[in-house]
Amino acid sequence: MAQLLSFRVYLSAETQKASSESLKRTQKTRKPFSPGRRGPVAPPRKPQNLNLEVSPHRAVSAVRLMRIEYGGAFADLLNEKGKGSGSNEMSYVERTIGFRTRDLDDRDLRLVTDVVGGTIRWRRFLDHLIGSLCHNERTFRNMEPLLLQILRIAVYEIIKLDMPSYAVVDENVRLAKVALRPGAGDFVNGILRKLVSLKEKDALPLPKVEGDDRAQARALATLHSHPVWMVRRWVKYLGLDEATKLMIWNNSDPGFSLRANTGRDITRADLVERLESLKVPHELSLNLEEFVRIKTGLQTVVQAGLLKEGFCSVQDESAGLIVSVVKPQPGERIMDACAAPGGKTLFMASCLKGQGMIYAMDVNEGRLRILGETAKSHQVDGLITTIHSDLRVFAETNEVRYDKVLLDAPCSGLGVLSKRADLRWNRKLEDMVELTKLQDELLDSASKLVKHGGVLVYSTCSIDPEENEGRVEAFLQRHPEFSIDPVTSFVPSSFVTSQGFFLSNPVKHSLDGAFAARLNRAL
Ligand SMILES: C[S@@+](CC[C@H](N)C(=O)[O-])C[C@H]1O[C@@H](n2cnc3c(N)ncnc32)[C@H](O)[C@@H]1O
């Protein structure tokens with residue numbers, strides 16, 4: 001169980017740099033969903049018989065989408081469940097739409113993952129099309145949640161997956177009829193037939209990128225399905241072309257990297273051998289000698305137990321490169337001040353070659369416990385001491401100083417939107433103000449723990465200059481005892497910014513976006 005959890009957390013660790021606090025907030029404030037009209041929760045429906053007419057992947061996708069949007073579930077966690085979680089999933093389906101479908105086979109599971117991820121990513125774009133095809137805005141605004149999810153799935157399948165229209169219309173009309181009522185099926189039929197006809201004439205009602213900055217940002221936000229505030233921010237910082245490329249990247253299927261567990265003397269060659277025997281296509285990382293990239297086959301790796309047995313971890317290369325910036329050396333005492341769930345802690349521990357200690361601190365006790373359990377399976381637990389504390393409180397009272405401190409700060413996660421399909425919709429502009437304030441406080445506290453002549457590494461999985469360069473610049477003004485140590489000798493040159501920081505750019509490097517600054521404390 002701990003192993004499964006640790007996989008989940010690893011996968012999300014590198015993908016979920018988003019502050020878990022704010023996500024939790026979203027989770028708490030979301031109301032339980034009802035399949036009927038938006039509003040109060042409907043009483044549970046009575047279980048009915050198995051329905052073999054409705055396509056299982058669509059029924060399950062619609063229910064997962066309801067759970068994500070109204071029930072506070074996270075898209076990546078639902079997708080990771082995969083095979084074996086069938087009966088639990090079917091009981092959700094039954095409770096939500098009143099019947100079961102046949103069990104999902106491997107192909108259905110892949111379809112569910114694609115359809116759920118894609119429908120979430122493309123939500124704004126799909127809603128624009130659906131809204132344009134309704135009689136009036138009120139029809140769209142008052143649409144019952146399940147009906148809306150069925151329409152989103154159908155529009156996504158027709159427009160983005162290019163599935164045969166007749167089958168998609170037929171299947172989704174049937175789902176709406178059985179799960180809701182005959183009239184709902186007629187409504188879905190009407191909307192989808194209009195859509196198919198416009199698609200065939202190449203006349204979809206899409207906005208034009210024209211007018212003032214605000215109007216252009218709104219059009220781009222619809223066409224590439226992102227919140228308007230993100231588009232405006234990226235156009236400001238990156239320019240129109242780069243912002244557009246970034247949105248295209250965020251909408252593409254994410255790739256993953258695996259790190260061979262060198263802490264257990266497993267080499268990349270050993271990992272490659274296992275991947276070959278499992279027929280998982282892979283490429284060697286050009287940036288890190290422990291890493292292998294895979295585009296497909298992650299489920300195969302999970303099912304073969306490679307993560308469970310501590311053979312390897314799922315870790316993005318951008319996270320591995322942050323560890324390169326820290327460059328842990330045998331014998332060092334390193335404070336990992338925001339450590340959980342521990343992706344970087346474990347990699348750092350494996351660099352110590354049995355000598356030294358990583359002090360892994362986190363305010364979240366549950367995530368820290370998972371870190372401890374995973375450290376055992378990776379056989380590096382003797383090199384890790386966990387500390388459950390708020391860094392700000394710990395730094396006030398603790399007298400010990402460390403050779404190096406890594407502050408992998410809670411951040412917006414704007415660098416990992418390709419992996420976290422729902423994050424773009426959960427993140428708000430106001431979060432940025434709260435996060436930068438927290439990052440400043442944590443930087444001040446982390447700096448107190450660095451010994452004279454020691455190193456502080458500040459990192460995020462954001463590409464936002466305010467969370468990155470902006471925080472470091474403000475910190476250096478408050479702390480003249482620190483200076484920038486350019487990362488030139490720690491990472492390949494294409495990752496080094498003009499100021500000497502590490503930046504992985506999703507568009508340029510085909511990795512998650514991440515940032516790190518290496519700061520030396522004067523002797
Ligand atoms: C980006 S995640 C860290 C990811 C981790 N370094 C890894 O590689 O797996 C940020 C972490 O900071 C923790 N955190 C947030 N505020 C904190 C605080 N005041 N003190 C200590 N940890 C905190 C969160 O619980 C979260 O686990």
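A quick note: this is a predicted structure, and the numbers were derived from the prediction, not measured. (Residues numbered from 1 in each chain as written. Predicted model: local features only at pLDDT ≥ 70, side-chain atom pairs only at ≥ 80, totals over all residues. Heavy atoms only, no water.)

Undergrad: Go over helix α13 (residues 228-238), please, and point to the residues and values.
TA: Those residues of α13 that sit buried are W229, M230, V231, R233 and W234. Among the structural elements, α12 (213-223), α14 (240-250), α21 (423-426) and α22 (429-448) are those in contact with the buried residues of α13. Two residues or fewer past α13, G239 is found with a positive phi of approximately 90°. (Buried < 20%, exposed > 50% of the residue type's maximum accessible area, 1.4 Å probe, protein only. Helix = DSSP H or I, 4+ residues; strand = E, 2+ residues; numbered from the N terminus. Contact = heavy atoms within 4.5 Å.)

Undergrad: I'd like a description of the side chain of D408, backed by residues and values.
TA: Note on placement: D408 falls in strand β8 (residues 402-408). Within polar-contact distance, the side chain of D408 engages the side chain of K344 at 2.7 Å. Looking at D408, its side chain comes within polar contact range of the side chain of S459, at 2.7 Å. (Polar contact = N/O pair within 3.5 Å; in protein donor to acceptor, adjacent residues only side chain to side chain.)

Undergrad: Help me get a handle on α14, residues and values and all.
TA: All buried positions along α14 are accounted for by A243, T244, L246, M247, W249 and N250. Buried residues along α14 sit in contact with α6 (106-121), α12, α13, α21 and α24 (506-509).

Undergrad: Give me the lowdown on the site of the ligand, citing residues and values where you can.
TA: For the ligand, the set of nearby residues contains 22 residues, the closest of which are A340, G343, D362, L391 and D408. In the model, an oxygen atom of the ligand is placed 3.0 Å from a nitrogen or oxygen of the R367 side chain. Backbone polar atom of L391 to a nitrogen atom of the ligand: 2.9 Å apart, as the coordinates give it. Across the complex, the protein chains shield 97% of the 600 Å² of accessible surface that the ligand would expose by itself. (Near = heavy atom within 4 Å. Areas by Shrake-Rupley, 256 points an atom, 1.4 Å probe, with all protein chains shown as cover.)

Undergrad: Please provide a residue-by-residue account of the pairing of strand β1 (residues 256-260), values included.
TA: Most of β1 is tucked away, with five of its five residues classed as buried. Here β1 shows a buried face lined by F256, L258 and A260 and a second buried face lined by S257 and R259. Where β1 lies against strand β3 (residues 291-294), four bridges are found, and the strand directions are antiparallel. Its bridge partner being in β3, R259 is matched across the sheet by F291. (Pairing = 2+ DSSP bridges.)

Undergrad: Quick one: what's the story with the UniProt feature "binding site: S-adenosyl-L-methionine" (unreviewed entry) in the protein chain, residue by residue and with numbers?
TA: As recorded in UniProt, the feature "binding site: S-adenosyl-L-methionine" (unreviewed entry) lies at C338, A339, A340, P341, G342, G343, K344, D362, D390 and D408. Within the secondary structure, A339 is located in the loop between β5 (333-336) and α18 (343-351). Once residues lying within four places of it in the same chain are set aside, the contact partners of A339 are T345, A360, M361, D362 and L371. With respect to the element layout, G342 can be found in the loop between β5 and α18. Exposure remark for G342: the relative accessible area of 0% places this residue in the buried category. (UniProt positions renumbered as here; feature names shortened; annotations may be inferred.)

Undergrad: Tell me what's going on with the nonpolar core, and back it up with residues and numbers.
TA: In terms of nonpolar packing, the biggest core is built from 54 residues, with I97, L175 and L192 touching the most fellow members. Elements with a contribution of two residues or more to this core: α3 (56-70), α5 (86-97), α6, α7 (123-133), α9 (145-160), α10 (165-179) and α11 (182-200). Counting residues per element, this core draws most heavily on α9, which supplies 11 residues. With near-sequence residues (within four places) excluded, L175 lies in contact with V54, R58, A59, A62, I97, F99, I150 and L180. Core analysis: the second largest hydrophobic core is formed by 34 residues, L346, I358, A375 and L406 among them. (Core = buried A, V, L, I, M, F, W, Y, C linked by side-chain atoms within 4.5 Å.)

Undergrad: I'd like a rundown of the sheet that holds strand β2 (residues 283-284), residues and numbers included.
TA: Spatially, β2-β3-β1-β4 is the arrangement adopted by the four strands of the open sheet, whose pairing is antiparallel. In this open sheet, the two edge strands, each paired with only one partner strand, are β2 and β4 (312-314). Where β1 and β4 come together, three bridges link them in antiparallel fashion. Paired with A260 across the strands is C312, a residue of β4.

Undergrad: Lay out the pattern of salt bridges with the relevant residues and their values.
TA: Applying the stated criterion to the full structure yields 29 salt bridges. Across the pair R392 and E441 runs a salt bridge, and its minimum N-O distance is 2.6 Å. Note that R392 is positioned in helix α20 (residues 391-397) and E441 in helix α22, a separation of 49 residues in sequence. The exposure class assigned to R392 is partly exposed, which follows from its relative accessible area of 31%. (Salt bridge = Lys/Arg side-chain N within 4 Å of Asp/Glu carboxyl O.)

Undergrad: Could you give me a rundown of unusual backbone geometry, with the residues and numbers involved?
TA: In the segment running from A340 into P341, the intervening peptide bond is cis, with an omega of 5°. Mapped onto the elements, P341 comes out in the loop between β5 and α18. Despite not being glycine, D162 shows a phi value in the positive range, around 55°. Inspection of the secondary structure puts D162 in the loop between α9 and α10. For D162, a relative accessible area of 55% puts it in the exposed group. The phi angle at S225 is positive, at roughly 55°, despite the residue not being glycine.

Undergrad: Lay out the packing of aromatic side chains with the relevant residues and their values.
TA: In the structure shown here, the tally under the stated rule is seven aromatic pairs. Look at F501 and F515: their rings are 5.4 Å apart centre to centre, the planes differ by 65°, and that puts the pair in the edge-to-face class. Of the two residues, F501 sits in the loop between β10 (482-484) and β11 (502-504) while F515 sits in strand β12 (residues 514-521), which places them 14 residues apart along the sequence. The buried category is assigned to F501, whose relative accessible area is 1%. In this structure F515 comes out as buried when scored by relative accessible area, which is 0%. Three or more aromatic residues joined by ring pairs make a cluster, and in this case those are Y458, F501 and F515. The ring of W122 carries K160 above its face, with NZ or CZ at 3.8 Å from the centroid. (Phe/Tyr/Trp six-rings, centres within 6.5 Å; stacked < 30°, edge-to-face > 60°. Lys NZ or Arg CZ within 6 Å of the ring centre and 35° of its normal.)

Undergrad: Talk me through the side chain of S225; I want residue IDs and the actual numbers.
TA: Along the chain, S225 turns up in the loop between α12 and α13. In terms of polar contacts, S225 uses its side chain to reach the backbone carbonyl oxygen of W122, at 3.4 Å. Ignoring anything within four residues of it in the chain, the contact list for S225 reads R121, W122, R123, R124, F125, L220, R424 and W425.

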